Amino acid sequence: MLNAEKIREDFPLLKNTNIIYLDNAATTQKPIQVIEAIKEFYSKYNANIHRGIYELSEKATELYEEAHEEVAKFINARSWEEVIFVRNTSEALNILALTLSKKVISRGDEIIVTIMDHHSNLLPWFKVAEYTGAKVRVVKFSPAKWSLSGEDLENYVTEKTRIVTLPHVSNVLGVINDIKSVAKVAHEVDALLVVDGAQSVPHLPVDVRELEADFLAFSGHKMLGPTGIGVLWGRKDLLEDLPPILYGGDMIKSVSLDLFTSRLNIVYNDLPWKFEAGTPNIAGGIGLCEAVRYLKKIGMNEVRRHEEKLLQYTLKRLSELEDKVSILGPLDFSKRSGLVSFNLSGYDPFAVASWLASDNIAVRAGFHCAQPLYKYLGLDKGSVRASFYIYNTESEVDALVESLKNLLGE
Ligand SMILES: Cc1ncc(COP(=O)(O)O)c(C=O)c1O
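Residues numbered from 1 in each chain as written. Predicted model: local features only at pLDDT ≥ 70, side-chain atom pairs only at ≥ 80, totals over all residues. Heavy atoms only, no water.

Help me get a handle on helix H15 (residues 394–407), residues and values and all.
Since the α-helix turns once every 3.6 residues, residues separated by three or four places project in the same direction. Taking 1.5 Å per residue as the helical rise, H15 with its 14 residues ought to reach 20 Å, and the 20 Å between its terminal C-alpha atoms agrees with that figure. Among the residues of H15, those classed as buried are Glu396, Val397, Leu400, Val401, Ser403, Leu404, Lys405 and Leu407. Gly409 occupies a position one or two residues after H15 and carries a positive phi of about 75°. (Helix = DSSP H or I, 4+ residues; strand = E, 2+ residues; numbered from the N terminus. Expected span 1.5 Å × (residues − 1). Buried < 20%, exposed > 50% of the residue type's maximum accessible area, 1.4 Å probe, protein only.)

Tell me what's going on with the pairing of strand E7 (residues 215–219), and back it up with residues and numbers.
Where burial is concerned, most of E7 is hidden: five out of the five residues are buried. Of the two faces of E7, both are covered, the one formed by Phe215, Ala217 and Ser219 as well as the one formed by Leu216 and Phe218. Pairing of strand E6 (residues 192–196) with E7 involves three bridges; the strand directions are parallel. Residue pairing in the sheet places Val194 in a bridge with Phe215 of E7. Where E7 meets strand E8 (residues 230–234), five bridges bridge the pair, whose relative direction is antiparallel. Within E8, the residue paired with Ala217 across the bridge is Leu232. (Pairing = 2+ DSSP bridges.)

Outline the site of the ligand, listing residues and values.
Lining the immediate surroundings of the ligand are 13 residues, of which Ser90, Asp196, Gln199, Ser219 and Lys222 lie closest. One of the side-chain nitrogen or oxygen atoms of Ser90 is found 2.6 Å away from an oxygen atom of the ligand. Between Asp196 and the ligand, the recorded distance is 2.6 Å, taken from a side-chain N or O atom to a nitrogen atom. (Near = heavy atom within 4 Å. Polar contact = N/O pair within 3.5 Å; in protein donor to acceptor, adjacent residues only side chain to side chain.)

Any details on the side chain of His306? Residues and values, ideally.
Within the secondary structure layout, His306 lies in helix H12 (residues 300–318). Residue His306 is classed as buried on the basis of its relative accessible area, which comes to 10%. Polar side-chain contacts of His306 include one of 3.0 Å to the backbone oxygen of Asn392. Beyond its immediate chain neighbours, meaning those up to four positions away, His306 contacts Leu2, Ala4, Tyr389, Ile390 and Asn392. (Contact = heavy atoms within 4.5 Å.)

Any functional reading would require information that these geometric values do not contain.
This is the structure:
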């Protein structure tokens, strides 16, 4: 069983401050192992990759490639070549939408997004639709059910559907969507399934083969890794067929320029480098590798179990506030990941978050980059969100609930 108290020992920020950090869906804290791995890289191996034939560069290259392998194993990818390092989930989804718009999406085609999507997975598809002449259709969920599965898509997919995309876990509702059943419906019409894994990969065991997804995006900083490193995973056969959208060093095998005709001939590099133009975030990749090793050591089933238990406890304790609290999403903790969005009646979410901040409790308030979802739910001020990770404890949940009770004058 995961021991949160022991885990906390690895996190300098948690030792150096007395913050109750419940904003993990935004970004997580970093263990000393990740901080040290980055420090070690800069102090012992810093050099550019794939360029030098000297030892330092070879070592940097080895570590950076190893990071791709570690991430590939973590999500059970068929090959490390399917793992492209980018800056974050947003960049992964933007790159994907752009490359698909050059090969797969054209005028009259349909792209299916959902009302539950984060802006990072809404805007790129709407923008791509705008200039390709494709149409975006938005799937809704029934407020009685809260989550999404294949049957919710059945009235939306048509022969024209090229892309189906949705979050694996909603960053607002915390619900875990049934990706496998969505994959079945999408693939029946030969559409590609793009999964936003920003809130699932850090919290649940995610196996891309089992999910039957075609693409998956996630961020390193939400899973103990540094900022500035994220992952775009895609099926190798698809990635091989898609064009890069960023050009520069390392993404080509050869370039020849005919000076007479000004004609340029490019032979692209192999995967994943074809999609990683320029000097990448080498230290970030190495940091992410260490974060993945840290999570693997705990075991993602344990991570999930810990969050489930904490969420169950939180829902129970919040219920003490009776009708003064309204919780977004299902009350069945087994259907959701470790976060809870809520409102206190009569209080602006920002007022609640700033009250909690005065008690040294960090939560997030507002629309959580999902404004269309809040509009759909009829919540014009958004909500408060408390989100957990491996180092959070029941006593921190107690502090949250006690602070809310004090605000309510109970
Ligand atoms: C579901 C979801 N998708 C995408 C993102 C964007 O992640 P990033 O800011 O790391 O690009 C987030 C961030 O909160 C998220 O929760």
